[in-house]
Amino acid sequence: MIELIQSGGLLMIPLGLCALLATFIIIERAFYYARIKKKDDLFLDRLLSLISSCRFEEALSWCNSVKTPAAQVAAKAVLLRHMPEHDVRELVEVELDKQLPRLDRFLTALGTIANVSTLLGLLGTVTGNIQAFGVLGGGQSMGNPALLAGSISEALITTAAGLCISIPAVIFHNYFVSIVRKRIATMEAIASSVVIQVCGRNLVGKGL
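Everything numeric in this text was worked out from a predicted model, so none of it was measured.

A. Geometry of the nonpolar core. Membership of the largest hydrophobic core comes to 51 residues, with the highest contact counts inside it found for Tyr33, Phe43, Leu47, Ile51, Val78 and Val194. Residue contacts for phenylalanine 43: discarding those within four places in its chain leaves Trp62, Cys63, Val66, Ala70, Ala71, Ala74 and Ile190.

Here it is, written out as structure tokens:
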């Protein structure tokens, strides 16, 4: 395996870095999304129960302990409960936008790695073929066939390495993007439920 990698030439170094970065991002994001999904599944029922009992300080503490993007959006709604509903909704939307970078963190980098890996593989194909034609043009193919084979091997190995990195990166990138969309929908649903609850509590407290 090491000899195979070495035969790919210098372009295997940036390809190897791309592979390491892609692996790190995929593992980190997979654990992150699984963790916040588990927390959010248990989050809303307890929060609404606390709000319905007018235990707002406990509700804020619960949101801060959960620490997911959805919990931070809900905390903003609870914190602004004394404001008119229209203002609460607008400020909650602002908070939701502020939390989005936590959800799509590293996804742009993963998409870039997928594209760059393909291009690096293509570059390896071009440079390997240039070397191969250089050998043929110099009339060395009969004298040293190993040199010609090495150039062709470099072209094929870098192409294969680029695709082996790019294909999983594209698959996981698209998968994570779909997860982010679902998380955003969940955040919006949670925010809407909390706003309705806190504004409803305010109306009850005012005797309306």
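There's more to say after this.
B. Helix α3 (residues 56-66), seen in detail. If you check which residues of α3 are buried, you get Phe56, Ala59, Leu60, Cys63 and Val66. Down the axis of α3, the sector holding all buried residues measures 130 degrees, keeping them to one side. Backbone geometry just after α3 places lysine 67 at a positive phi near 65 degrees.

C. Here's a closer look at the packing of aromatic side chains. Considering all chains together, one arrives at 6 aromatic pairs under this definition. Between phenylalanine 172 and phenylalanine 176, the ring centres sit 5.9 Å apart and the planes meet at 40 degrees, which makes this aromatic pair tilted. Of the two residues, phenylalanine 172 and phenylalanine 176 are both situated in helix α7 (residues 145-205); the distance of 4 residues between them amounts to about one turn of the helix. In this structure phenylalanine 172 comes out as partly exposed when scored by relative accessible area, which is 32%. Of the residues examined, phenylalanine 176 reaches a relative accessible area of 1% and is grouped as buried. An angle of 45 degrees between the planes, with centres 5.8 Å apart, marks the rings of tyrosine 175 and phenylalanine 176 as tilted. One aromatic cluster is present, formed by Tyr32, Tyr33, Phe172, Tyr175 and Phe176 through successive ring pairs. Positioned over the ring face of tyrosine 33 is arginine 29, at 5.3 Å from the centre of the ring. Over the aromatic face of tryptophan 62 sits the side chain of arginine 46, whose NZ or CZ is 5.1 Å from the ring centroid.

D. Here's a closer look at a nonpolar patch on the surface. Taken together, the side chains of Leu119, Leu122, Leu123, Val126 and Ile130 define a hydrophobic patch exposed on the protein surface, amounting to about 470 Å² of accessible area. Within the element layout of this structure, leucine 123 appears in helix α6 (residues 107-137). Residue classification places leucine 123 among the partly exposed positions, given a relative accessible area of 41%.

E. How the structure looks around the pattern of salt bridges. Counting across every chain of the model gives 6 salt bridges. Residue aspartate 41 pairs with lysine 37 through a salt bridge whose shortest N-O separation is 3.2 Å. Linking aspartate 41 with lysine 37, this pair stays in helix α2 (residues 12-52), spanning 4 residues, or about one helical turn. On the basis of relative accessible area, lysine 37 is assigned to the partly exposed category, the value being 44%. Glutamate 58 is the partner of arginine 55 in a salt bridge, and the nearest nitrogen-oxygen pair spans 2.8 Å. Assessed through its relative accessible area of 38%, glutamate 58 is described here as partly exposed.

F. Up close: the packing of α3 against helix α4 (residues 69-79). For the pair α3 and α4, interaxial distance at closest approach is 8 Å and the crossing angle is 160 degrees. The orientation of α3 with respect to α4, classified from their angle, is roughly antiparallel. Viewed along their axes, α3 and α4 form a crossing whose handedness is left-handed. Contacts between α3 and α4 involve Phe56, Ala59, Leu60, Cys63, Asn64 and Val66 from the former and Ala71, Gln72, Ala74, Ala75, Val78 and Leu79 from the latter. Split into classes, the residues belonging to the contact of α3 with α4 amount to 10 nonpolar, 2 polar and no charged.

G. Highlighting the environment of leucine 119. Turning to its location among the elements, leucine 119 is positioned in helix α6. For the pair formed by leucine 119 and glycine 162, sequence separation is 43 residues and the distance between their alpha carbons is 7.5 Å.

H. Inspection of the confidence of the model for the protein chain at higher detail. Per-residue pLDDT for the protein chain averages 82, and the proportion of residues at 70 or more is 81%. No element of the protein chain has a lower mean pLDDT than helix α1 (residues 2-6), which averages 58, and none a higher one than α2, which averages 90.

I. Region of the structure containing the environment of threonine 125. Within the secondary structure, threonine 125 sits in helix α6. Separated by 33 residues in the primary sequence, threonine 125 and threonine 158 place their C-alpha atoms 6.6 Å from one another. Those residues in contact with threonine 125 that sit more than four places away from it in its chain are Ala155, Thr158 and Thr159.

Conventions we followed
Residues numbered from 1 in each chain as written. Predicted model: local features only at pLDDT ≥ 70, side-chain atom pairs only at ≥ 80, totals over all residues. Heavy atoms only, no water. Core = buried A, V, L, I, M, F, W, Y, C linked by side-chain atoms within 4.5 Å. Buried < 20%, exposed > 50% of the residue type's maximum accessible area, 1.4 Å probe, protein only. Contact = heavy atoms within 4.5 Å. Helix = DSSP H or I, 4+ residues; strand = E, 2+ residues; numbered from the N terminus. Arc of directions from axis to C-beta. Phe/Tyr/Trp six-rings, centres within 6.5 Å; stacked < 30°, edge-to-face > 60°. Lys NZ or Arg CZ within 6 Å of the ring centre and 35° of its normal. Patch = residues over 30% accessible without salt bridge, like charges linked within 9 Å, V, L, I, M, F, W, Y side chains within 5 Å. Areas by Shrake-Rupley, 256 points an atom, 1.4 Å probe, with all protein chains shown as cover. Salt bridge = Lys/Arg side-chain N within 4 Å of Asp/Glu carboxyl O. Axes fitted to C-alpha atoms, helices over the stretch in contact; angles between N-to-C directions. Parallel < 35°, antiparallel > 145°, perpendicular 65-115°, else oblique. Left-handed = near helix turned anticlockwise from the far one by under 90°. Nonpolar A, V, L, I, M, F, W, Y, C, P; charged D, E, K, R; others polar. pLDDT = per-residue confidence, 0-100.

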